[in-house]
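If you want the building blocks of each chain, they are given just below.
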Amino acid sequence: MKRFILLITAILLFSCSNVLAKDSELLNSREVAKQDNQISEIGFKILNANAIPYRTVFTYDTARTINAYSQFNNRKIVMYRGMYNRCDTEDELAAILAHEISHSVDSYQGPLRGSLFFVNYMVAPRKYESKADKRAIDYMVNAGYHPVAMIVAMSKNFPQGRYEVFSSHPLATRRMMEVYEYIYKKYPEYLVDNKYRKNIYYQNFLLTSEKNRKKLQNKIETNSKKKVKYE
């Protein structure tokens, strides 16, 4: 009798665990669909607000990689769950997507419907990364997003290398300062009315960029036209 009761109990427990597993899968599936839809909506909002006449689609990858990228061959922008989870606001998601949209736009340029853009990018990747950072600021503002979120997203997610000579991207500190200077010159009102002023990641940027910001201040005070070489 005891064995029979134990057998029935085991069957019931197995059935319950199976149901719970299916419920969990359903919840996860709904959450993934929700996040995928959010990324797509933000992406298309940026495209439409900037009247970008090039087809681009967006998708969400459940890998935990902290990254996003633009596929040049089919103009698809992919954001990984790792990057999505590291973004606390829609502004930050928009910053990442706007940067990738810039790459997608560039991939349409040149002969053979942009088929050779990848070659151009490989020759001067840092040039295109810097261009994408700045153009993303314009895209964000036009779509109603706060551009300082770009600095927040960079401060939070982009590691700091020692040198950039062998890297496809500029140093994170240099990228953040160039974005800061671009906002300072073109959209200074966002630095005055800065809702990210007390954000810990923006505060860390202010702390670590003191030397670079003094260079910018000197450029402004001397009315210099030379490009500041940030560190």
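Scroll up for the structure.
The structure presented is a predicted model; accordingly, all values stated were derived computationally and were not measured.

So, on to the overall build of the protein chain. Looking only at helices and strands, the protein chain features 11 helices and three strands. By residue count, 42% of the 231 residues in the protein chain fall in the buried class. In the protein chain, of all internal contacts separated by at least 6 residues, the share reaching a separation of at least 24 is 60%. Carbon and sulfur atoms provide 56% of the accessible area of the protein chain, an area that totals close to 13,900 Å².

Take the packing of helix α6 (residues 125–142) against helix α7 (residues 148–157) next. Relative to each other, α6 and α7 sit at 135 degrees, their axes nearing to 9 Å. Judged on the interaxial angle alone, α7 and α6 are oblique. Residues Asp133, Ala136, Ile137 and Met140 of α6 form the contact with α7, whose own contacting residues are Ala149, Met150 and Met154. Among the residues making up the contact of α6 with α7, the classes are represented as six nonpolar, no polar and one charged.

Turning to the pattern of salt bridges, a few remarks are in order. Overall, the coordinates contain 15 salt bridges when judged by the stated rule. In this structure, Arg135 and Asp106 form a salt bridge, with 2.8 Å as the shortest nitrogen-oxygen distance. With Arg135 in helix α6 and Asp106 in helix α3 (residues 90–106), the pair connects residues that are 29 residues apart, well separated along the chain. Taking relative accessible area as the criterion, Asp106 reaches 4% and is therefore assigned buried. In this structure, Lys185 and Glu181 form a salt bridge, with 2.8 Å as the shortest nitrogen-oxygen distance. Residue Lys185 and its partner Glu181 are located together in helix α8 (residues 172–186), separated by four residues, close to a single helical turn. On the accessibility criterion, Glu181 (9% relative accessible area) is buried. Among the charged side chains, a network of salt bridges with common partners joins Asp88, Glu92 and Lys156.

Before going further, it helps to spend a moment on empty space enclosed by the protein. Within this structure, the stated rule accounts for one cavity of 30 Å³ or more. Only α8 and α10 (200–208) provide two or more residues apiece to the lining of the largest cavity. If one sorts the elements of the lining of the largest cavity by residue count, α8 sits on top with three residues. Split into classes, the residues belonging to the lining of the largest cavity amount to three nonpolar, four polar and no charged.

Here the focus is the nonpolar core. Among the nonpolar cores identified, the biggest contains 50 residues, and Ile46, Met79, Ile101 and Ile183 are the most heavily contacted of them. Ranked by the residues each element gives to this core, the list is headed by α3, at eight residues. Aside from chain neighbours lying at most four places away, what touches Met79 is Ile39, Thr59, Tyr60, Asp61, Asn67, Ala68, Tyr84, Leu93, Ile96 and Leu97.

Let's shift gears to α6. In this model, α6 (18 residues) spans 26 Å end to end at C-alpha, consistent with the 26 Å of a helix rising 1.5 Å per residue. Along α6, 13 of the 18 residues are buried, which leaves the element largely enclosed by surrounding structure. Once α6 finishes, Gly144 follows within two positions and takes phi at roughly 90 degrees, a positive value.

What counts, and where the lines are drawn
Residues numbered from 1 in each chain as written. Predicted model: local features only at pLDDT ≥ 70, side-chain atom pairs only at ≥ 80, totals over all residues. Heavy atoms only, no water. Helix = DSSP H or I, 4+ residues; strand = E, 2+ residues; numbered from the N terminus. Buried < 20%, exposed > 50% of the residue type's maximum accessible area, 1.4 Å probe, protein only. Contact = heavy atoms within 4.5 Å. Areas by Shrake-Rupley, 256 points an atom, 1.4 Å probe, with all protein chains shown as cover. Axes fitted to C-alpha atoms, helices over the stretch in contact; angles between N-to-C directions. Parallel < 35°, antiparallel > 145°, perpendicular 65-115°, else oblique. Nonpolar A, V, L, I, M, F, W, Y, C, P; charged D, E, K, R; others polar. Salt bridge = Lys/Arg side-chain N within 4 Å of Asp/Glu carboxyl O. 1 Å grid on protein atoms, 1.4 Å probe; cavity = no way out; pocket = protein on both sides within 12 Å on 5 of 7 lines; lining within 4 Å. Points joined across faces, edges and corners; volume = space filled by probe spheres on them. Core = buried A, V, L, I, M, F, W, Y, C linked by side-chain atoms within 4.5 Å. Expected span 1.5 Å × (residues − 1).

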